Amino acid sequence: MAQIVLASGSPRRRELLERIGVTDFVVRTPEVEESFPEGLTPEKVVAYISREKADAAAKLCGPEEIVITADTMVFLDQARLGKPRDEAHALEMLTALQGRRHTVCTGVSVCQGLKRLTETESTDVFFRPATEAELRRYIATGEPMDKAGAYGVQGRGALLVERLEGDFFNVMGLPVLRLARMLEKFGVFLL
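Residues numbered from 1 in each chain as written. Predicted model: local features only at pLDDT ≥ 70, side-chain atom pairs only at ≥ 80, totals over all residues. Heavy atoms only, no water.

1. Here we look at the overall build of the protein
Consideration 1: The number of helices and strands found in the protein is six helices and seven strands.
Consideration 2: Listing each helix as α and each strand as β along the protein from the N terminus yields β-α-β-α-β-β-α-β-β-α-β-α-α.
Consideration 3: Computed over its C-alpha atoms, the radius of gyration of the protein comes to 17 Å, within 12% of the 16 Å expected for a compact globule of 191 residues.
Consideration 4: Expressed along its principal axes, the backbone C-alpha trace of the protein runs to roughly 50 × 35 × 25 Å.
Consideration 5: Out of the 191 residues belonging to the protein, those deemed buried represent 47%.
Consideration 6: Accessible area of the protein: about 9,500 Å², with a carbon and sulfur share of 50%.
Consideration 7: Within the protein, the 28 negative side-chain charges are centred at a point lying 1 Å from the centre of the 25 positive side-chain charges. (Helix = DSSP H or I, 4+ residues; strand = E, 2+ residues; numbered from the N terminus. Rg over C-alpha atoms; globule rule 2.2 N^0.38 Å. Buried < 20%, exposed > 50% of the residue type's maximum accessible area, 1.4 Å probe, protein only. Areas by Shrake-Rupley, 256 points an atom, 1.4 Å probe, with all protein chains shown as cover. Lys, Arg positive; Asp, Glu negative; His and termini not counted. Charge placed at Lys NZ, Arg CZ, Asp CG, Glu CD.)

Take a look at the structure:
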């Protein structure tokens, strides 16, 4: 089987790959400016950035290697919520999310040589109403500070989530079922 390369520095993506049985992979993280053209839908934004990452990663890899890239973003009413700059910014984001629905979109690209495939996954996340005191206690854990939307659904952030519609793993940063189906097109069968 061809060497799989995860072109991401995300520990969550590494963990998710291992959870689905991809244990023999290497990590190579390309430097990519995450900019995109104006006027794109959320799904097109993450697809665009994922392709940019794939193009950059392909330059670090041999033509036989299978490269996986991903880009995950949180959108509230079409506005992108990135990682919080500081605790005040985290509180601002979490306050905007509480009691509402938002969407987590991930673009995933798989490439090998000249063969490239990009797909997207969207999951709706519904936050429960939360008090400012609860949000401040969550922020004090430090968990929100390196996560888009200022929460981690796989950690204590789960206590803010009322329900999900879609792929749970997408909210963690990698839609594993979609990725597995994409890998099959490259001759990698996980089951």
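2. Here we look at the pairing of strand E5 (residues 101-112)
Consideration 1: Burial within E5 is extensive, with 10 of its 12 residues counted as buried.
Consideration 2: Of the pairings in the sheet, the one linking E5 to strand E6 (residues 115-127) comprises 12 bridges and is antiparallel in character. Bridge pairing in E6 links histidine 102 to valine 125.
Consideration 3: Hairpin connection of E5 to E6: two residues between the antiparallel strands, including glycine 113 at a positive phi of 60°. (Pairing = 2+ DSSP bridges.)

3. Some details on the environment of serine 50
Consideration 1: Residue placement: serine 50 occurs in helix H2 (residues 42-58).
Consideration 2: For serine 50, a relative accessible area of 0% translates into the label buried.
Consideration 3: Not counting residues within four places of it along the chain, the set of residues in contact with serine 50 comprises Thr69, Ala70, Asp71, Gly107, Val108 and Ser109. (Contact = heavy atoms within 4.5 Å.)

4. Description of the layout of surface pockets
Consideration 1: If you add up the space inside the largest pocket, you get close to 680 Å³.
Consideration 2: As for the largest pocket, its lining consists of 32 residues, and the residues nearest its centre are Ser10, Arg12, Arg13, Thr72 and Lys83.
Consideration 3: Looking at the lining of the largest pocket, the elements that each hand over two or more residues are helix H1 (11-19), strand E3 (66-76), strand E4 (79-81) and helix H5 (168-172).
Consideration 4: Tallying contributions element by element places E3 first for the lining of the largest pocket, with five residues.
Consideration 5: The class makeup of the residues in the lining of the largest pocket is 14 nonpolar, nine polar and nine charged. (1 Å grid on protein atoms, 1.4 Å probe; cavity = no way out; pocket = protein on both sides within 12 Å on 5 of 7 lines; lining within 4 Å. Points joined across faces, edges and corners; volume = space filled by probe spheres on them. Nonpolar A, V, L, I, M, F, W, Y, C, P; charged D, E, K, R; others polar.)

5. Considerations on the nonpolar core
Consideration 1: In terms of nonpolar packing, the biggest core is built from 40 residues, with Leu17, Ile68, Leu94, Val110, Phe127, Tyr151 and Leu179 touching the most fellow members.
Consideration 2: Within the second largest apolar cluster, seven residues are counted, among which are Val5, Ala54, Ala57 and Cys111. (Core = buried A, V, L, I, M, F, W, Y, C linked by side-chain atoms within 4.5 Å.)

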